[in-house]
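What follows is the residue order along each chain.
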Amino acid sequence: MTSPPATRASAPPDPAPPDEDRLRELAAKRVARQRRPGRWIAAVVVLVLLAQLVHALVTNPVFQWDVFGYWFFRPVILEGLLLTLELTGLAAVFGLIGGIVLALLRLSKNPLLQAVSWAYVWIFRAIPLIVLLLFLANVTALYSTLSIGIPFGPSFLHFSATDVLSFFVVAVLGLSLNEAAYAAEIVRAGVLSVDQGQLEAAAALGLPRTRQYRRIILPQATRAIVPAYANQLIGLLKGTSVVYITSLLELFGVVETQASTNSGQIIPLLLVGTVWYVILTSILSVVQYYVERRFSRGALRTTAPTPFQRFRGRLRALGVAR
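Residues numbered from 1 in each chain as written. Predicted model: local features only at pLDDT ≥ 70, side-chain atom pairs only at ≥ 80, totals over all residues. Heavy atoms only, no water.

Student: Lay out helix H3 (residues 65–72) with the relevant residues and their values.
Tutor: Residues that lie three or four places apart on an α-helix share one face, since the helix turns once every 3.6 residues. Burial in H3 covers these residues: Val67, Phe68, Trp71 and Phe72. Projected down its long axis, H3 shows its buried positions confined to an angular sector of 135°, all on one face. Considering only its buried residues, H3 is in contact with helix H4 (75–107), helix H11 (251–261) and helix H12 (266–295). (Buried < 20%, exposed > 50% of the residue type's maximum accessible area, 1.4 Å probe, protein only. Helix = DSSP H or I, 4+ residues; strand = E, 2+ residues; numbered from the N terminus. Arc of directions from axis to C-beta. Contact = heavy atoms within 4.5 Å.)

Student: Go over the pattern of salt bridges with me, naming the residues and quoting the values.
Tutor: One pass over the structure, following the stated rule, counts 2 salt bridges. The partner of Glu185 in a salt bridge is Arg106, and the shortest N-O contact between them spans 3.4 Å. Highlighted residues: Glu185 in helix H8 (residues 167–192) and Arg106 in helix H4, separated in sequence by 79 residues. Among the residues examined, Arg106 registers a relative accessible area of 24% and is labelled partly exposed. Glu185 is the salt-bridge partner of Arg188, the closest N and O atoms lying 2.9 Å from each other. Of the two residues, Arg188 and Glu185 both sit in helix H8, 3 residues apart, roughly one turn of that helix. (Salt bridge = Lys/Arg side-chain N within 4 Å of Asp/Glu carboxyl O.)

Student: Outline the packing of aromatic side chains, listing residues and values.
Tutor: Evaluated as defined, the whole model comprises 11 aromatic pairs. Considering the side-chain rings of Phe68 and Phe72, the 5.3 Å spacing of their centres and the 40° angle between planes classify their relative orientation as tilted. Taken together, the residues Phe68 and Phe72, both in helix H3 and 4 residues apart, mark about one turn of the helix. Under the relative-accessibility criterion, Phe72 is labelled buried at 9%. (Phe/Tyr/Trp six-rings, centres within 6.5 Å; stacked < 30°, edge-to-face > 60°.)

Here is the structure:
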């Protein structure tokens, strides 16, 4: 006798579609937010610490806020502030130009140019800024007379080094030489961040090397250069405080001089300099934010909202603003 053929297992029935009333019930329920008590505890601790800090600043008579208000807008302070801005602007421009030149020399195929650029960066990053300024301030002891003429040949113009190398020129020169060494590495890192395949494609199309740098490399490298150089610029702004050793009274030099001549007002005068430095660095940080936001438009699908836009969005969510 033959056995009966095996019956095929029946497939499980399809699940019944969800009831529409059940879907409406689920949609009507509110989604409960996950509770995070740690955040609230941390926020309370931070608020308590900030309140203690503000209370200490307001109630401690040593700060002498009336003296602080007297000195904050004094003409002598504003003159030092203006000199600080001049030194920062000139050193930033000259240092960036020198950094771009040094970076291009370092990236060139000529070994001599590479060695010269590497040696410059190595030396000026190794020398402290205060030592460099002191050396430049006393360079007239080495060369009392400067001249212009044919190299290793006759000279046409002669002038005194003391008349040329004033305290302001020495400060700008020292800051620029120091800034160029750091800017060179920032620019070089930005250039190296560009995909080399784009350069190969541009070379295959027959584009000149100068046009490759101008139209392909620099626009993309700027996106990586801006954040790093903005931080370097903030460091340069604060670094101008060491030029007082050359008898050039910028912001810190003025504060130090007034503090030494007005006994008992050291703390408020130091606060004046501190607050002005905080204001200047804050302005540079705001400029840095918007410059970075502009250059990120080609790399991000959507540009991140500004703090003001986020603030208005929260007001709209609360129904305060339209």
